[in-house]
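Working through the structure, step by step
Here's the letter readout for the chains.
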Amino acid sequence: MLQTHKRLPFLSACLSVMAGLLLGACVNEDTPCPPDRDPNAEKGVTLEFSMVTRNASGRGSRALIEPTAGTREVGTEAENYLDLDNLIFLLVDDQQTVIRVFSPNVTPEENSRYAKYSVRAFINDKYFLDAEPGGNLTFSIVVIGNYSTLDPQSFAYHAGQKLSEVFASATVGTFAMPVSNNWMNKWIPSMFGTAYTDAAGELIEGMTPAHIPMSGMHTYTVSTDDLLASTVNRPFNLSADANGSGDINMLRALAKIEIVDRIGIGTGTTTTQPDRTERSWVEKAELIGYTTRGSILPTFTQWNRGSLETQYVTSTSVPASATYFGAEPANAQLTINGRAINFFDDAEATEAREDGCRVFSCYLTEYNPADRGTAYPMWIRVTASSPAPEGVTPTSALYRLDVSSYTNGVPGTPLSILRNNIYRYEINGIATVLQPELIVNDWESEETVWDYNDNPGIADGGYLEWSAEQLDITRDQALIIYRTPLTGTFTFSEPVGGEWIAAFVPEGNTENDAFMFLDADGNKVSTISGPIDGSEATIRIVANYDPGNDNRRVRLLFSVRTPDGRTISANLLGSDYGRNTYFTIQQNARL
């Protein structure tokens, strides 16, 4: 089965920095900008770095998807916009603890449609100043943008916090589902749930402007001597490498659904859409069912897969404070007892299409069908009209479009809605039912065609199995209590020619090398990999230390590197482990 995914370029805030550039605005007005002065007047370091939302052509850095073909487009100004009064920067040490919340200088770059910003920061923290000369220093930078609109909650960042708390479901910064119609750069309620004054979605007074919440992160290991030698006039450039390996990548915390009226064009060779006198057309689209709140940061494991940085998410990160509202069609006329969120007429998306077909769009928070309980799953109510003789009002009908995958127009598995993705339904025709085609687009990369077989495939019986004599496991938690060395086997069937990679992610205060893999020669290694060719693979795991005073816990995570260089996470757990997507290995403390 082929499933087509056109990954479209759609850029968000892109912060880039130029050496020697004097930057114009501070994030917070009460925080003085670093002066252009004698650097010996106050000890500190000056950093500059780039923040981008995708890898430019030719960059092969990290786990972000690399564009392979097509023409890059810049997103709309509203979709790219970063409010300079709504930026938070966190400096994090090598123990994943927040050192400080800091306020750099930020200036939008001219002619970038708010897709690029210049940033510089002067920091006089002892973590830098007391570093041992002659070695290297590791730290991370987390950036959170457009956080103070859409009814923000839980943005209490401070020194001493662990990153796991910053990202945690119960404490992560959250925002409300944008329920108004075409809400960006307009006015929406400061409290969720009062967006409409009528069914048409007219906006009301007393509201606050909103932009798409975004976040990004990157970890740096740099020369201490070079860092301490930086001055206000000669900053240390974290993004100096031309391959983009020092850039911070921003991801939007919202997703987007598009309904495209391709009726009359369909899937054939026609490139011109007939006039409405000769075809039916989509009149309106409404979203039924949504998650009330979203998290501005994904869960920690989404960005802590082998390296601590921005990565494309593979599962939802719905905050603990969120509620799902669903509404089942009450009758054949698809009336509902609940709110319908109007799609807006997306003129810019329409103009960007070569075929000029009309696009209706809706922005929404992440959604996981498994989290809805007994509520009705998400669906879309589409109003389509048919032509009528002159002087006669066209007839309209309502159609139900399940938010799911489709095969030959038949709905399949309900979709999880992930941040920073566009889910496009192209309506090719109508009869008694709609004839849709689903295309999932990534907001950052260029247009390309994805084959279903590019996704990690597990062979029949190929899920990760452990040697029974070694195993003490709690299946509903996928928790393994380590007692003796572990041996596991598994089989990837796709993508052939790719590579699987296994790594540990420590939890809490567990050492980075608490557990190790054994390679074919019996050597201890921190990560291990192998080819994907349909043959069975084996991993062996040993504890690197004797039991200590506390339990040691790590997560065993797998990823797959495709033949074209993309890296995506993989779930090797079978149905016996419920909704768990990775094993946790624990070495109990000594008695």
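What you see is a predicted model; the values in this text were computed from it and never measured.

**A word on the side chain of Gln 273**
Mapped onto the fold, Gln 273 is located in the loop between strand E12 (255-261) and strand E13 (281-288). Of the polar contacts made by the side chain of Gln 273, one reaches the backbone oxygen of Asp 261; its length is 2.9 Å. Among the polar contacts listed, one links the side chain of Gln 273 to the backbone oxygen of Ile 263, at a separation of 2.9 Å. Setting aside chain neighbours within four positions, we find Gln 273 in contact with Asp 261, Arg 262, Ile 263, Ile 265, Arg 279 and Cys 357.

**Brief notes about the pattern of salt bridges**
Scanning the entire structure with this criterion turns up 19 salt bridges. The partner of Asp 472 in a salt bridge is Arg 483, with the nearest N and O atoms 2.7 Å apart. Residue Asp 472 is found in the loop between strand E27 (465-466) and strand E28 (473-474), and its partner Arg 483 is found in the loop between strand E29 (479-481) and strand E30 (486-490); the two are separated by 11 residues along the sequence. Judged by relative accessible area, Arg 483 falls into the exposed class, the value being 55%. The salt bridge involving Glu 507 is made with Arg 555; its shortest N-O contact spans 2.5 Å. On the criterion of sequence distance, the pair formed by Glu 507 in the loop between strand E32 (499-506) and strand E33 (515-518) and Arg 555 in strand E37 (residues 552-561) is long-range, its members being 48 residues apart.

**Side note on the sheet that holds E30**
Within a sheet, adjacent strands bond to each other through the backbone by hydrogen bonds, running parallel or antiparallel. Spatial ordering of the open sheet is given by E27-E30-E36-E33-E34, a layout of five strands whose pairing is antiparallel. In this open sheet, the two strands that pair with only one neighbour each are E27 and strand E34 (524-525). Alignment of E33 against E34, held across two bridges, turns out to be antiparallel. Along E34, the bridge assignment pairs Phe 517 with Val 525.

**Quick word on the confidence of the model for the protein**
Of all residues in the protein, 75% attain a pLDDT of 70 or more, and the chain-wide mean is 76. Mean pLDDT across the elements of the protein ranges from a minimum in strand E25 (residues 434-442), with 62, to a maximum in helix H4 (residues 224-228), with 96.

**Considerations on the environment of Ala 375**
As for its placement among the helices and strands, Ala 375 is situated in the loop between strand E19 (359-364) and strand E20 (379-386). Spatially, the C-alpha atom of Ala 375 lies 8.2 Å from that of Glu 328, the residues being 47 residues apart in sequence. Once residues within four sequence positions are removed from consideration, Ala 375 is found in contact with Tyr 324 and Gly 326.

**What to know about the packing of aromatic side chains**
Applying the stated rule across the entire model yields 21 aromatic pairs. Look at Tyr 290 and Phe 325: their rings are 6.0 Å apart centre to centre, the planes differ by 80°, and that puts the pair in the edge-to-face class. With a gap of 35 residues between them, Tyr 290 in strand E14 (residues 290-291) and Phe 325 in strand E16 (residues 324-325) connect regions that are remote in the sequence. The class for Tyr 290 is buried, based on a relative accessible area of 5%. Here Phe 490 and Phe 558 contribute two aromatic rings whose centre-to-centre distance is 5.1 Å and whose plane-to-plane angle is 70°, an arrangement assigned as edge-to-face. With Phe 490 in strand E30 and Phe 558 in strand E37, the pair connects residues that are 68 residues apart, well separated along the chain.

**Quick word on the environment of Gln 161**
Turning to its location among the elements, Gln 161 is positioned in the loop between strand E7 (136-145) and helix H3 (163-167). Gln 161 sits in the buried class, given a relative accessible area of 5%. A sequence separation of 69 residues divides Gln 161 from Val 92, and the C-alpha atoms of the two residues are 9.2 Å apart. Discounting residues that sit within four places of it in the chain, Gln 161 has contacts with Gln 96, Thr 97, Val 98, Ala 156 and Val 166. Within the structure, Gln 161 has its side chain in polar contact with the backbone nitrogen of His 158 (distance 3.0 Å).

**Overview of the pairing of E12**
Across the seven residues of E12, seven count as buried, placing the element largely inside the fold. Alignment of E12 against strand E24 (residues 421-430), held across six bridges, turns out to be parallel. Its bridge partner lying in E24, Val 260 is registered against Glu 426.

Rules used in this analysis
Residues numbered from 1 in each chain as written. Predicted model: local features only at pLDDT ≥ 70, side-chain atom pairs only at ≥ 80, totals over all residues. Heavy atoms only, no water. Helix = DSSP H or I, 4+ residues; strand = E, 2+ residues; numbered from the N terminus. Polar contact = N/O pair within 3.5 Å; in protein donor to acceptor, adjacent residues only side chain to side chain. Contact = heavy atoms within 4.5 Å. Salt bridge = Lys/Arg side-chain N within 4 Å of Asp/Glu carboxyl O. Buried < 20%, exposed > 50% of the residue type's maximum accessible area, 1.4 Å probe, protein only. Pairing = 2+ DSSP bridges. pLDDT = per-residue confidence, 0-100. Phe/Tyr/Trp six-rings, centres within 6.5 Å; stacked < 30°, edge-to-face > 60°.

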